[in-house]
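Spelled out from the first residue to the last, the chains are:
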Amino acid sequence: MSASSDPVLDRRRRMARLAAAGRRSGYLLYLLSLAVFAAGLLLGFNDALASVAAAALIAGSVVLAPAIIIGYGVRAADRADREDSW
């Protein structure tokens with residue numbers, strides 16, 4: 001059975017791509033939060049800057065946490081498959 005016709009491996013690859021996109025998005029949201037916070041320090045905070053910084057930080061956490069966990073799961077499954085093939 002080839003890897004391209006194995007539905008488990010196909011799903012694992014999709015989950016790996018989803019996890020990578022989630023990590024990238026989460027870290028970008030953290031970067032946005034940091035940039036807005038720095039702008040607030042330089043320009044003076046107002047409600048809009050504080051709200052954007054907090055929302056980006058929360059959204060980054062919500063996106064990043066599951067992406068990291070899914071990524072660990074995919075890597076563990078790949079490692080288990082490699083060990084079983086010996």
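Heads up: the structure comes first, above all this text.
These numbers come from a predicted model, not from an experiment. (Residues numbered from 1 in each chain as written. Predicted model: local features only at pLDDT ≥ 70, side-chain atom pairs only at ≥ 80, totals over all residues. Heavy atoms only, no water.)

A. Region of interest: the overall build of the protein chain. Per the secondary structure count, the protein chain includes 2 helices and 0 strands. The C-alpha radius of gyration computed for the protein chain amounts to 19 Å, which surpasses the reference 12 Å derived for 86 residues by more than 25%, pointing to a less compact arrangement than a globule. Taking the principal axes of its C-alpha atoms as reference, the protein chain extends roughly 60 × 20 × 15 Å. Each of the 86 residues in the protein chain was classed as buried or not, and the buried ones make up 19%. Expressed as a percentage of contacts within the protein chain between residues at least 6 apart in sequence, the contacts between residues at least 24 apart total 76%. (Helix = DSSP H or I, 4+ residues; strand = E, 2+ residues; numbered from the N terminus. Rg over C-alpha atoms; globule rule 2.2 N^0.38 Å. Buried < 20%, exposed > 50% of the residue type's maximum accessible area, 1.4 Å probe, protein only. Contact = heavy atoms within 4.5 Å.)

B. Up close: the packing of helix 1 (residues 7-43) against helix 2 (residues 47-84). For the pair helix 1 and helix 2, the least separation of the axes is 7 Å and the interaxial angle reads 155°. The orientation of helix 1 relative to helix 2 falls into the category roughly antiparallel. In the crossing of helix 1 with helix 2, the sense of the turn from one axis to the other is left-handed. (Axes fitted to C-alpha atoms, helices over the stretch in contact; angles between N-to-C directions. Parallel < 35°, antiparallel > 145°, perpendicular 65-115°, else oblique. Left-handed = near helix turned anticlockwise from the far one by under 90°.)

C. Geometry of the pattern of salt bridges. Counted under the stated rule, the structure contains 3 salt bridges. The partner of aspartate 78 in a salt bridge is arginine 13, with the nearest N and O atoms 3.0 Å apart. Here the residue aspartate 78 occupies a position in helix 2, and arginine 13 occupies one in helix 1, the gap between them amounting to 65 residues. Using a relative accessible area of 19% as the deciding quantity, one classes aspartate 78 as buried. Each of Arg12, Arg13, Asp78 and Asp81 takes part in one network of salt bridges that share partners. (Salt bridge = Lys/Arg side-chain N within 4 Å of Asp/Glu carboxyl O.)

D. A look at the environment of aspartate 6. Looking at the secondary structure, you find aspartate 6 in the segment before helix 1. Its relative accessible area of 18% is what places aspartate 6 among the buried residues. A C-alpha to C-alpha distance of 23 Å links aspartate 6 and isoleucine 69, two positions 63 residues apart in sequence.

E. Quick look at the side chain of serine 33. Inspection of the secondary structure assignment puts serine 33 in helix 1. Polar contacts involving the side chain of serine 33 include one to the main-chain carbonyl oxygen of alanine 53, which spans 3.0 Å. If near-sequence neighbours (up to four positions away) are discounted, serine 33 is found in contact with Ala53, Ala56 and Leu57. (Polar contact = N/O pair within 3.5 Å; in protein donor to acceptor, adjacent residues only side chain to side chain.)

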